[in-house]
Amino acid sequence: MTAVASSAPFAFIRHRLARHRLVRVIGVRLLTGVVVLWGAATLAFLAMHGVKGDPALAALGPDANPTPEVLRQIRLEYGLDQPWYVQYLTYLGRLAHGDLGQSYVLRTSVATAIGQQIGQTVQLALSAAIIAVVLAVVVGTLTAKRGPVIRSATSGIALVFASMPSFAVGLALLVAFSFTLHWFPVSGNQGLASLVLPSFAMALPIAAVLTQILRASLEDVLEQPFILTARTRGMRDAAVRVRHGLRHALIPLVTMTGFVVGGLLGGAVITETLFVRQGIGRLLINAVQAKDVPIVLGVVLFAALVHVVVNLIVDIVYTAIDPRIETA
Amino acid sequence: MSAAESAEGLRVASRTFGRVARGRSALLSPGLALASLYLLLVVLAALAPGLLAPHDPLEVNAELTLAPPSLAHPFGADESGRDLLSRMIYGAGPSLLMGVGATAIGVVGGTLLGLLAGLGPRAIEVVVMRFLDIGLAIPELLLALVVITFGGRSTFFALLAVGIASIPSYARLIRAQVLAVKNTGYVEAATALGEGRLTVVVRHVLPNALKPLIVFATIGVGAAIAAGASLSFLGLGSQPPSPEWGAILATGRNYISTSGTLVLIPAVAITLTVISVTVVGRAIGRWTEGRRS
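These numbers were taken from a predicted model, which means no experiment stands behind them.

Digging into the overall build of chain B
From N to C terminus, chain B includes 11 helices and 0 strands. When the helices and strands of chain B are listed from N to C terminus, the series reads α-α-α-α-α-α-α-α-α-α-α. Scored against the burial criterion, the 293 residues of chain B give a buried share of 56%. Taking the intrachain contacts of chain B between residues at least 6 apart in sequence as the baseline, contacts between residues at least 24 apart amount to 72%. A total of about 12300 Å² of accessible surface is found on chain B, and carbon and sulfur atoms cover 69% of it.

Okay, here's the thing in structure tokens:
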């Protein structure tokens, strides 16, 4: 869209075409996203009603030994006496309103349970994402095209962190910085200090992958003619890397957003357990252990929603910053 | 990032690592030798733990409770006084089985779905693709947790869960390969020569579509080992006192402030296995690539 200015008389057409394309991209992506969520919801419905025997018994918890009277009451309450298609449509209707059902164990709604825990997880995920991206950009920019020794060293370190299971990263950080140096608390949700180690535990494996990708694309960019032009103008190396190289090299990083978000959601499960923090991950693990099916499926549907929304945003940003990209 | 998640991460990483490492294989060969040696040791421990282990992995000795490393017990002993080195050696089998078994499930399931999506009629393709979209929208660890919720907490369901969770990524890879191979000259030639559809698929499409899978599956074994260990760590996989690496680590976590070795040794063993598998997988990738060109 930057080329528009040069062809002033037709600018409005180009502009309208660009806007039209953006709308089409959004429309297609929105539709795909809705189909994914609908499919996920249908699978969740099948899982809850098809596989698991009597949902009324399940709703009462594993240890319940109810009378037929109580069971009938539950069936009425949950609409389990209705035919399956009525139940299915009711279920979809409730989901559309953000009603994910009732937890079997917690005696609250799934939406409330998620709502109570989401803040802590978002805080952790955001700080981890910022650390990961900053680390990747700094290390990637500093080490691109620096000769074989630096390249092998950073590749090796990145390989170690990308291969390490995130609980191993977290444990290593705990042993080093909590038990040996006593810099940070071992666990908990109190204050910034308790956020540092979990954030790094989640960020390091992601940063390892992002660094390699960023450096590879930066090395491609630094071979372009316009970099040579900038250098012949007498621009310093650091300025060339940051002002010219980084700008172009960042674009492939945007495609990794889905991977990063998935990594953060999965990472939260491990990290919150390891550092005994409140959050969605802990909620999920407790629910899996207690076989609290509505919570498990609720968190999974929530993850799918996050994935769909994030990818929609990424696609829009992508089409907006790089008009060359054609979307199917 | 969770370990299950890192399956995708490792695949992405290995692609870029491979790109970075291309043309400098000589530089990496000491690393490759070390990685192969370590994997050989792990496989040996998995096949014949009795040959290597100095003690019984389940033998309890109260006098040795949380003993630090010594000559008789190089890795020390755990909270019940069991020799940690022997437990690690006996744990290689379950960990390796987890990696190979889960990857096999992922590869077989992924190949079937990928072939269906790549070669099936349009209607089936659409259904399979949307199904894969759902799978790819949910982090692998979360998919694995759903399987465990409905299955139960055991080594078997952990393996099944990690395997099922990896199916969508393998299926996506296979489909992309099938679509690429489908339009090549030799497939066209075979069809023109009058070979049946099934013959073309089995003789030409499948072998060529599966070739890049070898590298991904190798690296996937490492990721699956890490994912299985993560589930054990969460208390959802192998249950104590079974000497599985993730389970050893999970129990050792309770003693982390006093005996760090109980946690660090299994963590290092798992990490080294994943790294070695990745390094070997990348080498295989370089060799197959070299042969093709």
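A look at unusual backbone geometry
All names here are of chain A. Not every positive phi belongs to a glycine, and V276 is a case in point at roughly 50°. Here V276 shows up in the loop between α11 (257-274) and α12 (280-289). Phi at K291 takes a positive value of approximately 55°, unusual for a residue other than glycine. Taking relative accessible area as the criterion, K291 reaches 35% and is therefore assigned partly exposed.

Some words on the pattern of salt bridges
Residue and element names in this part refer to chain A. All told, the structure shown has 8 salt bridges over all chains when counted by the stated rule. Note that E219 and R151 form a salt bridge whose closest N and O atoms lie 3.3 Å from each other. Of this pair, E219 sits in helix α8 (residues 193-221) while R151 is found in helix α6 (residues 148-163), placing the two residues 68 residues apart along the sequence. Take E219: its relative accessible area is 12%, and that puts it in the buried class.

Remarks on the interface of chain B and chain A
In this complex, chain B contributes 55 residues to the contact, which on the side of chain A involves 58 residues. Approximately 4800 Å² of surface area, both sides summed, lies buried where chain B meets chain A, with 79% of it carried by carbon and sulfur atoms. Here chain B is connected to chain A by 4 residue pairs in polar contact (both at pLDDT 80 or more). Breaking the side of chain B that touches chain A down by element, the ones donating at least two residues are α1 (3-21), α5 (122-137), α6 (140-151), α9 (197-233) and α11 (261-292) of chain B. If you tally residues by element for the side of chain B that touches chain A, the top one is α1 of chain B, at 12 residues. Among the residues forming the side of chain B that touches chain A, the class breakdown is 34 nonpolar, 12 polar and 9 charged.

Regarding the environment of L174 of chain A
Residue and element names in this part refer to chain A. Considering the arrangement of structural elements, one finds L174 in helix α7 (residues 166-180). Sequence separation of L174 and V186 is 12 residues, and the distance between their C-alpha atoms is 6.7 Å. Not counting residues within four places of it along the chain, the set of residues in contact with L174 comprises F179, V186, L197, L274 and F275.

With respect to the nonpolar core
Counting 104 residues, the largest nonpolar core has F167 of chain A together with W245 of chain B as its most contacted members. It is α11 of chain B that provides the largest number of residues to this core, a total of 12 residues. Two domains share this core, each providing at least three of its residues, namely domain 1 (13-105 + 323-328) and domain 2 (108-289) of chain A. In contact with W245 of chain B, not counting residues within four places along its chain, are Y38, V42, M88, G91, A92, S95, P266, A269, I270 and T273 of chain B.

So, a nonpolar patch on the surface
Residues and elements named next belong to chain A. On the surface, I130, V134, V138 and L142 cluster together into a nonpolar patch covering about 370 Å² of accessible area. Here I130 lies in helix α5 (residues 110-143). Under the relative-accessibility criterion, I130 is labelled exposed at 53%.

Conventions used here
Residues numbered from 1 in each chain as written. Chains lettered and ligands numbered in written order. Predicted model: local features only at pLDDT ≥ 70, side-chain atom pairs only at ≥ 80, totals over all residues. Heavy atoms only, no water. Helix = DSSP H or I, 4+ residues; strand = E, 2+ residues; numbered from the N terminus. Buried < 20%, exposed > 50% of the residue type's maximum accessible area, 1.4 Å probe, protein only. Contact = heavy atoms within 4.5 Å. Areas by Shrake-Rupley, 256 points an atom, 1.4 Å probe, with all protein chains shown as cover. Salt bridge = Lys/Arg side-chain N within 4 Å of Asp/Glu carboxyl O. Buried area = accessible area lost by both parts, 1.4 Å probe. Polar contact = N/O pair within 3.5 Å; in protein donor to acceptor, adjacent residues only side chain to side chain. Nonpolar A, V, L, I, M, F, W, Y, C, P; charged D, E, K, R; others polar. Core = buried A, V, L, I, M, F, W, Y, C linked by side-chain atoms within 4.5 Å. Domains from an automatic or database assignment. Patch = residues over 30% accessible without salt bridge, like charges linked within 9 Å, V, L, I, M, F, W, Y side chains within 5 Å.

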